[in-house]
Amino acid sequence: KVAVAANLQGVIKVLGKDFKQKTGIDIQPIVGSSGNLSTQIKNGAPFDLFLSADMSFPESLFKDGFSIKEPAVYAYGSLIICSTQNIGFENWERLLMTRRIKKIAIANPAIAPYGKAAEESLKLKGVLDDIQSKLVTGESISQVNTYVTTGTVDVGFTTRALVKDVEGKTTIYWKEIDPKTYTPIKQGMIILKQSKESANALKFYEYMLSPAAKKILKEYGYGV
Amino acid sequence: MDLTPIWLTLKLAAIATVILLIIGLPLAYWLSKGRSIAKIILEAIITMPLVLPPSVLGFYLLMAFSPKHGIGEWLHNAFDIQLVFSFKGLILASVIYSMPFMIGPIKSALQQLPLSLSHASYTLGKSERETFIKILLPNIRASVLTAAILTFAHTLGEFGVVLMIGGNIPGVTRVASIAVYDSVENMDYASANAYSLILFGITFIMMVSVFVFNKYKAKSPLE
Amino acid sequence: MDLTPIWLTLKLAAIATVILLIIGLPLAYWLSKGRSIAKIILEAIITMPLVLPPSVLGFYLLMAFSPKHGIGEWLHNAFDIQLVFSFKGLILASVIYSMPFMIGPIKSALQQLPLSLSHASYTLGKSERETFIKILLPNIRASVLTAAILTFAHTLGEFGVVLMIGGNIPGVTRVASIAVYDSVENMDYASANAYSLILFGITFIMMVSVFVFNKYKAKSPLE
Amino acid sequence: MISIDIEKKLKAYKGEQVLKIAAQFANGSITKIYGPSGAGKSTFLKIIAGLIDPEHGKISVDNLVWLDTATKVSLSPQKRKVGFVFQNYALFPNMTVQQHLEYVSDDAQWINQLLVIGKLETFTSHKPEYLSGGQQQRLAILRAIAIRPKLMLMDEPFSALDPKMKSELIPGLKSLWDELGTTVLIVSHNPQELEGLTASEMEINPM
Amino acid sequence: MISIDIEKKLKAYKGEQVLKIAAQFANGSITKIYGPSGAGKSTFLKIIAGLIDPEHGKISVDNLVWLDTATKVSLSPQKRKVGFVFQNYALFPNMTVQQHLEYVSDDAQWINQLLVIGKLETFTSHKPEYLSGGQQQRLAILRAIAIRPKLMLMDEPFSALDPKMKSELIPGLKSLWDELGTTVLIVSHNPQELEGLTASEMEINPM
Ligand SMILES: Nc1ncnc2c1ncn2[C@@H]1O[C@H](COP(=O)(O)OP(=O)(O)OP(=O)(O)O)[C@@H](O)[C@H]1O
Ligand SMILES: Nc1ncnc2c1ncn2[C@@H]1O[C@H](COP(=O)(O)OP(=O)(O)OP(=O)(O)O)[C@@H](O)[C@H]1O
Ligand SMILES: [Mg+2]
Ligand SMILES: [Mg+2]
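Worth saying up front: this structure is predicted, and the values here are computed from it rather than measured.

Caption draft 1: Representation of a nonpolar patch on the surface within the structure. A grouping of B:Val18, B:Ile19, B:Ile22 and B:Ile23 is seen on the molecular surface, where their side chains present a nonpolar patch of about 330 Å² in accessible area. By secondary structure assignment, the location of B:Ile19 is in helix H1 (residues 4-32).

Caption draft 2: The coordination of the magnesium ion (ligand 4), seen in detail. Residue and element names in this part refer to chain E. Protein coordination at the magnesium ion (ligand 4): the donors are Ser42 (OG) and Gln87 (OE1), at 1.9 to 2.2 Å from the metal. In this pair, Ser42 sits in helix H1 (residues 41-49) while Gln87 sits in the loop between strand E7 (83-85) and helix H3 (97-104), placing the two residues 45 residues apart along the sequence. Of the residues examined, Gln87 reaches a relative accessible area of 23% and is grouped as partly exposed.

Caption draft 3: Just the interface of chain A and chain C, in detail. At the interface, 27 residues of chain A touch 22 residues of chain C. A combined buried area of about 1,800 Å² lies between chain A and chain C, and 52% of that area is made up of carbon and sulfur atoms. Area buried by chain A at its contact with chain C is led by A:Gln9, A:Gln40 and A:Asn43, which between them contribute 31% of it. At the boundary of chain A and chain C, one finds zero salt bridges. Put simply, chain A and chain C have zero residue pairs in polar contact (both at pLDDT 80 or more) between them. Elements represented by at least two residues in the side of chain A that touches chain C include exactly helix H1 (9-23), strand E2 (29-32), helix H2 (34-42), helix H7 (141-149) and helix H8 (161-165) of chain A.

Caption draft 4: Local environment of the pattern of salt bridges. Across all of its chains, the model carries 24 salt bridges over all chains by this definition. Its salt-bridge partner being A:Lys42, residue A:Asp64 comes within 3.3 Å of it at the nearest N-O pair. With A:Asp64 in the loop between helix H3 (56-63) and strand E4 (72-77) and A:Lys42 in helix H2, the pair connects residues that are 22 residues apart, well separated along the chain. The partner of E:Glu168 in a salt bridge is E:Lys119, and the shortest N-O contact between them spans 2.4 Å.

Caption draft 5: View of the packing of aromatic side chains. Scanning the entire structure with this criterion turns up 13 aromatic pairs over all chains. Judged by centre distance (5.6 Å) and plane angle (75°), the rings of A:Trp92 and A:Phe157 are edge-to-face. With A:Trp92 in helix H4 (residues 92-97) and A:Phe157 in strand E8 (residues 155-159), this pair connects stretches of sequence that are 65 residues apart. Accessibility expressed as a relative area gives 0% for A:Phe157, which makes it buried. An aromatic cluster is defined as three or more aromatic residues linked by ring pairs; in this entry it consists of A:Phe19, A:Phe204 and A:Tyr207. Against the face of C:Trp30 rests C:Lys39, its NZ or CZ located 4.6 Å from the ring centre. Of note, C:Lys126 hangs over the ring of E:Tyr103, and the distance from its end group to the ring centre comes to 4.8 Å.

Caption draft 6: The arrangement of helix H5 (residues 133-146) of chain E in detail. Residue and element names in this part refer to chain E. Compared with the 20 Å implied by 1.5 Å per residue over 14 residues, the 20 Å span of H5 between its first and last C-alpha is a close match. In terms of burial, H5 is largely enclosed, as 14 of its 14 residues are buried. Phi for Arg148, located one or two positions after H5, is positive at around 50°.

Caption draft 7: Main features of the side chain of A:Thr39. Considering the arrangement of structural elements, one finds A:Thr39 in helix H2. Among the residues examined, A:Thr39 registers a relative accessible area of 3% and is labelled buried.

Reading the values: the criteria
- The residue numbers shown here count from 1 along each chain, following its written sequence.
- Throughout, the order in which chains and ligands are written sets their labels, letters from A for the former and numbers from 1 for the latter.
- Residue-level local features of this predicted model are given only where pLDDT is at least 70; pairs of side-chain atoms are given and counted only at 80 or more, and the full residue set underlies all totals for whole chains, interfaces and linings.
- Side-chain measures here rest on the full set of heavy atoms in the structure, leaving out hydrogens and waters.
- Note that patches include only residues with greater than 30% relative accessible area and no salt bridge, and the join distances are 9 Å for like charges and 5 Å for nonpolar side chains (Val, Leu, Ile, Met, Phe, Trp, Tyr).
- What sets the accessible areas is the Shrake-Rupley method with a 1.4 Å probe; for residues, cover comes only from the shown protein chains.
- Any Lys or Arg side-chain nitrogen located within 4 Å of an Asp or Glu carboxyl oxygen qualifies as a salt bridge.
- Think of it this way: any DSSP run of H or I at least four residues long counts as a helix, any run of E at least two long counts as a strand, and we number them from the N terminus.
- Water is absent from the atoms considered, so a metal site may look incomplete; donors are defined as N, O and S atoms within 2.8 Å of the metal, or 3.2 Å for Na, K and Ca.
- Accessible area is worked out with a 1.4 Å probe on protein chains only. A residue is then buried under 20% of its type maximum, exposed over 50%, and partly exposed in between.
- In what follows, residue pairs with any heavy atoms lying within 4.5 Å of each other are defined as contacts.
- The term buried area refers to how much accessible surface (probe radius 1.4 Å) is lost by two components on association, counted for both of them together.
- Two N or O atoms form a polar contact when they lie within 3.5 Å of each other; inside protein one atom must be a possible hydrogen donor and the other a possible acceptor, and for residues adjacent in sequence the pair counts only when both atoms belong to side chains.
- Classification of ring pairs uses Phe, Tyr and Trp, with its six-membered ring standing for Trp, and accepts pairs whose centres are within 6.5 Å; under 30 degrees between planes counts as stacked, over 60 as edge-to-face, and the remaining range as tilted.
- A ring is scored as having a charge over it whenever the NZ atom of a lysine or the CZ atom of an arginine sits within 6 Å of its centre and within 35 degrees of its normal.
- An expected span of 1.5 Å times one less than the residue number is assigned to each helix.

The following block contains the structure:
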């Protein structure tokens, strides 16, 4: 049983299939928000492995003794700005200040890593204060995705993985945000001590760090 | 700790409860009179929002309210009313969401009143409306109270819908339930507990005082 | 589409409703008799879970049920019962969560019944229990029905609590509301709509048949 | 003048019973209606008041048509506004004696006059639950007369009153009726209780 | 023998009224109780049945103490199991005539016998709402007698019945009471209706 952060929901199926092909082992992904999942782990959830959307949850689990192995980074998230309208993102920080853009969605910086990254980036560009009144915060990155893809907001900051997720369903226009403008979004995983199938868990753990997995992750827009 | 979310929540719950009393009472009355297939279907539709997970209901409402399509677009163009990410939108969503709790108990209580009460009032020349307000409602006061409390409490705790169509904008749509949720997500259990305790406290005091007031009012000179 | 979540949900909602009928009816009866401060407080406590956002209530329940502390630990050690991430836990959580919807309407309806009904039954030598079952309950049938429908529908749509203490385990705790939620999160709107439609459909059919059955039963030989 | 000609099926359990009545009542007259239990006396009064519709029939009051099943005319009970004393009283559990009367009249003096006639002056803040059977019945009578009706229908109005109370109450009512010019129909199966009050009587028998 | 000595404050609105009664009733006797409206007749019956507790008093039946406020003994209404005919009938809206009787007795023959005495054989599947006033009152009487009570308390039990019905019903009840050895207290303010039935009578007056 693998506890998986919600933003990996699309890619985990592909990874699982590939893993099964290679080893014959079935994984059962349990999808949830990283915060939820780690609270559940602390309270005895029967998971073997935890793929988080950030580093802090796995680290805190490690510190509390839920694992004997330090967390490892399996991917880096990349932040994009996107919209359902083709409004051109060459000069996006200027664009955000125009009257054309009424609502901007970001994930909640207090609890979501992509939200924090977006905020950092906006601050660095010096536009955060000016657009504060246009900001709408989603509780998770997928809520931001919903806002963007349904056209409820004009633009949104989200994960690059969205592009792959909506392929063939909705057209979105996007541009990658310069990774130098925000602290890297490290996604960490951790093997859990309470695992009942630790041998298989370890195999998947190693697979996630293998070039095969990295290739799939990269396809889905993650940095590796 | 920021108390704005608490005020916003109380405001939302109070407004939604009042609106639901205003539209729910006549609607419950109409539903309680006789049974037709149309009424059964309407009642099922009113109950429906309950069946959907709040976040999903929120998603549907987002679609409906979005200024890019349908009703939302029309409201936006015709009246410049924006329902998404606004307090107005939250109110409308809460009304839809909590309606079954207002309608259900009142409707069934009305059905259980003897017919002779309204008959007596009609022969005294009183309209259906006056009979409803002055005779029927006072005789099901306990059920109206229950319905109002359920509605109020449920609106306080409502979260998924509010989150989805409100967009967590401080001072506008960031209600207490979202603040508590954020705190828990952030593992800031102290704030989560504090917010919860305040919500608990307010509801508790409110309920106890309503009961005590009601008990006092219900007292006959003979007791 | 995977139908297991639907079955699981229906099972959960049905079991929770039945349990709540069994414990809710006597409790509502007890609460309806006279008013003491103790009863008011108990009633406020029953209503409390409503006030909390479901995910936060879920968090508190997770803490309480966790085999690492308190009650959860005791249950685990003494009876080897694991409440977290198990179907049993979901049932218990649903019961706590939906209790006000069962208690409220029934209690207020009981309060509105004339005292003379029970008095008449007592003089006929009937116990309080028999009087409650054979006289009081049938006379508030509409309210019991409303309460059961609200409870059932609410348990179907319950989501935050279930997600937190159930943990989305396929076939065990992955109920429909979570499946719908996942689909929306995943932007798989087709499945979300399909699941929602099935839930809608089932509830709709259920409500309509209950009403029709009830209408049929209520028919007097004179009509 | 009130003229009535109606026909209504009474759905008794086995077979059917038909209530068929043609009658005329002079303005200001007081008529006693009697007949066996279950004959349809209460039903008859309810038809006149507009609470039950008959299958066939016509009711007219002073040339105003209240009901005509042929032309599908049927005035609402509110428009007919008869003073109705229900056999089971049908008092409002939420209202005190005073409130019952204030619900229909805002003339404080009139209300006081009624309270004195009904001997309920000292019970003004009692709710029905806390009234004795006879007190409830008197309240039902007062409430019906409070609207100053042109037509008053009374279903067993004195059944819970002792003879002394009855003999003191009736003259009070009689003088009010004379004042208001009210036509009165009283259902009663107590042969003596209306002696001297009613000039005409009518029997309802099951068919 | 039933011996009663009780005192209960009646909370009338202005001032207070005390119901103070000491009386004894021989087994198998039928007593008529009368008095002005509001005197406390219904209250008296409810005290005997155990539905209301008096401030002071003692009730004993055949040397069994039902109530003694001094020793704080008070048997529940269920244990006293008197046959009670309520002034307002207190029928069960959810039950048909047949179900009312089946609720208290599973002796089909006994139920049939009662239905015949009360002339309700053809109304067995009617709910109270669909019964006439007199039919309801007869059902209330049948329900009370169906438990074969040793003591029967009747509060205005014949007020809704026409004289013919009454004269046919009473002998039927009388013979049942004789059979069962029932002691009967009947509240009535109709001076004639119990003629020949009751040997003793008791007046309740407000104090
Ligand atoms: N709502 C109703 N619908 C159909 N039939 C009814 C209804 N109420 C009463 N009945 C039946 O109609 C018949 C006449 O009833 P009604 O109440 O008019 O009698 P009544 O003459 O007033 O008798 P009583 O002197 O006992 O009050 C009865 O047999 C009764 O069972
Ligand atoms: N539940 C009650 N609590 C206190 N007082 C009551 C209650 N019910 C009635 N009373 C008062 O007690 C007095 C006696 O009432 P009761 O019903 O015993 O009179 P009654 O003799 O049966 O009169 P009636 O012939 O009119 O039925 C009345 O003045 C009434 O207002
Ligand atoms: Mg009648
Ligand atoms: Mg009485």
